[in-house]
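So you can see what is in the structure, the chains are spelled out below.
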Amino acid sequence: MRQSDLDELRGRVNELNIKVLDLINERTTVVQEIGKVKEKQGVNRYDPIREREMLNSLKENNNGPLSNGVLEQIFKGIFMSGLEIQEDEQRNALLVSRKRKSEDTIVDINGHKIGDGTPSFIYGPCAVESYEQVLAVAQSIKAKGLTMIRGGAYKPRTSPYDFQGLGLEGLKILKRVADETGLSVVTEIITPSHLEEALEYIDVIQIGARNMQNFELLKEAGMVKKPVLLKRGLAATIDEFIHAAEYIISKGNSEIILCERGIRTYERATRNTLDISAVPILKQETHLPVFVDVTHSTGRKDLLLPTAKAAIAVGADGVMAEVHPDPAVALSDSAQQMDLQQFDDFYDAIQKFMKTYQTT
Ligand code: PRE
């Protein structure tokens with residue numbers, strides 16, 4: 001074969017490539033339309049029965065030289081790309097998506113802005129145990145010029161025999177301390193039936209990792225006018241986490257803070273595995289502020305500082321950590337809470353880090 005023959009054949013292939021490309025794009029546009037119809041109908045995008053019908057019909061019409069096996073491979077790839085586009089569009093259509101709203105959501109907690117570019121901090125004991133215990137931590141927080149305190153009144157524990165929290169009594173203690181110190185209260189609510197009663201005592205509703213897919217609780221939290229701090233489930237994908245936030249916003253409440261708190265993996269050196277890359281992914285995919293809970297993700301006091309620095313360095317809007325006046329006698333999570341001196345040291349180190357980090 002002469003070089004000119006090869007050039008001519010390649011020229012024909014180039015033209016056919018463009019035709020195939022145009023046809024695939026035309027097909028993709030129709031598949032996008034199908035995706036919109038499916039969205040409205042609420043039906044599954046992936047439809048293996050439809051795919052099998054199309055493959056059978058293609059094979060019947062296959063006059064070669066392509067084998068049926070290769071034909072299946074090529075068209076399976078085309079179906080997959082259509083499906084991916086439909087799923088991308090669905091994700092971009094979410095109310096929490098940055099594609100829907102490009103500006104950052106800034107959550108206002110009694111005048112304190114979360115997500116405005118300056119990292120915020122939420123500290124406090126794992127569980128509310130007494131007025132004196134909460135007050136001691138609150139005074140230390142207040143002395144640092146911070147504005148929020150966390151503390152669990154309802155504690156969803158792994159074992160039913162572990163301390164379950166003081167309940168309403170705990171909320172009352174938090175409120176009393178908040179009134180005396182001017183701090184805002186962040187506390188976990190575990191069931192929709194507690195929500196209404198709790199609202200008068202708290203400033204931020206925390207929905208914990210174990211309740212990330214408690215859809216009734218998410219919907220109820222979406223219907224109240226209080227910011228929600230939503231923690232990532234311990235085995236939740238980022239996509240599931242984003243959809244949990246969508247449950248809240250879809251009911252009207254857009255004051256949502258996402259919180260990465262570590263996920264369960266095979267690694268046992270830390271209590272959970274802090275998924276630090278979730279922070280920039282969530283910032284890219286959604287317009288919501290993102291916190292990192294360094295206590296629950298690591299379960300190790302020696303890792304609180306490095307992971308808090310990492311969180312700030314990757315663009316987290318804030319850090320959450322646990323502090324107890326006497327961790328050794330704490331009724332929950334005693335090994336991982338900082339005492340007040342450790343809290344002072346941690347806070348100083350973080351402040352120093354933030355100064356150097358901002359100037360470099
Ligand atoms: C399409 C895409 C994904 C489904 O799994 C099946 C088929 C395709 O590419 O043809 C389109 C589509 O969503 C559909 O026909 O229901």
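Residues numbered from 1 in each chain as written. Predicted model: local features only at pLDDT ≥ 70, side-chain atom pairs only at ≥ 80, totals over all residues. Heavy atoms only, no water.

In the annotation of an unreviewed UniProt entry, the protein is listed under the name 3-deoxy-7-phosphoheptulonate synthase/chorismate mutase and assigned to Sporosarcina limicola.

Novice: So what exactly am I meant to see when it comes to the UniProt feature "domain: Chorismate mutase" (unreviewed entry) in the protein here?
Specialist: In the numbering adopted here, UniProt assigns the feature "domain: Chorismate mutase" (unreviewed entry) to residues 1-90. Split by type, residues 1-90 is 83% helix and 0% strand. Its first and last C-alpha atoms lie 51 Å apart. (UniProt positions renumbered as here; feature names shortened; annotations may be inferred. Helix = DSSP H or I, 4+ residues; strand = E, 2+ residues; numbered from the N terminus.)

Novice: What is the right way to read the site of the ligand from this model?
Specialist: Near the ligand there are 13 residues, and of these Arg-27, Lys-38, Asp-47, Glu-51 and Met-54 occur at the shortest range. One nitrogen or oxygen atom from the side chain of Arg-27 is found 2.8 Å from an oxygen atom belonging to the ligand. A distance of 3.1 Å is found between an oxygen atom of the ligand and a side-chain nitrogen or oxygen belonging to Gln-86. Burial of the ligand by the protein amounts to 96% of the accessible area it has alone, namely 360 Å². (Near = heavy atom within 4 Å. Polar contact = N/O pair within 3.5 Å; in protein donor to acceptor, adjacent residues only side chain to side chain. Areas by Shrake-Rupley, 256 points an atom, 1.4 Å probe, with all protein chains shown as cover.)

Novice: Help me understand a nonpolar patch on the surface, please; the structure alone is not making it clear to me.
Specialist: On the surface, Leu-66, Val-70 and Ile-74 cluster together into a nonpolar patch covering about 230 Å² of accessible area. Relative to the helices and strands, Val-70 is located in helix α3 (residues 68-92). (Patch = residues over 30% accessible without salt bridge, like charges linked within 9 Å, V, L, I, M, F, W, Y side chains within 5 Å. Salt bridge = Lys/Arg side-chain N within 4 Å of Asp/Glu carboxyl O.)

Novice: Mind showing me how you'd approach helix α5 (residues 168-181) here?
Specialist: Note: α-helices contain 3.6 residues per turn, so residues at a spacing of three or four share the same orientation. The terminal C-alpha atoms of α5, which comprises 14 residues, lie 20 Å apart, in line with the 20 Å expected from a rise of 1.5 Å per residue. Among the residues of α5, those classed as buried are Gly-170, Leu-171, Ile-173, Leu-174, Val-177, Ala-178 and Thr-181. On an axial view of α5, the arc spanned by its buried residues comes to 160°, and they lie on one face. (Expected span 1.5 Å × (residues − 1). Buried < 20%, exposed > 50% of the residue type's maximum accessible area, 1.4 Å probe, protein only. Arc of directions from axis to C-beta.)

Novice: Is there a simple way to explain the domain arrangement of the protein in this structure?
Specialist: The parts lose accessible area when they come together, and the size of an interface is often stated as this lost area. On domain assignment, one finds that the protein holds domain 1 (3-92) and domain 2 (107-359). The C-alpha-based centres of domain 1 and domain 2 are spaced at 47 Å. (Domains from an automatic or database assignment.)

Novice: Is there a simple way to explain the pairing of strand β10 (residues 318-322) in this structure?
Specialist: Regular strands show a simple pattern: their side chains alternate between the two faces of the sheet. For β10, a buried count of 5 out of 5 residues is recorded, marking the element as mostly surrounded by other parts of the structure. Neither face of β10 is open: one carries Gly-318, Met-320 and Glu-322, the other Val-319 and Ala-321, and all of them are buried. Sheet analysis places strand β3 (residues 120-124) next to β10, joined by 5 bridges and oriented parallel. What sits directly across from Ile-122, in β10, is Met-320. Both strand β9 (residues 290-293) and β10 contribute to a ladder of 3 bridges, which runs parallel. (Pairing = 2+ DSSP bridges.)

Novice: So what exactly am I meant to see when it comes to the pairing of strand β6 (residues 204-207) here?
Specialist: Covered by surrounding structure in β6 are Val-204 and Gln-206 together with Ile-205 and Ile-207, the residues of both alternating faces. Alignment of strand β5 (residues 184-188) against β6, held across 3 bridges, turns out to be parallel. In the strand pairing of β6, Thr-187 is matched with Ile-205. With helix α6 (residues 192-199) bridging β5 and the parallel β6, this β-α-β connection has right-handed handedness. Here 3 bridges tie β6 to strand β7 (residues 228-231), and the two strands are oriented parallel to one another. What sits directly across from Ile-205, in β7, is Val-228. Read from β6 through helix α7 (residues 215-222) to β7, the crossover connection turns out right-handed. (Right-handed = clockwise from strand over helix to strand, strands pointing away.)

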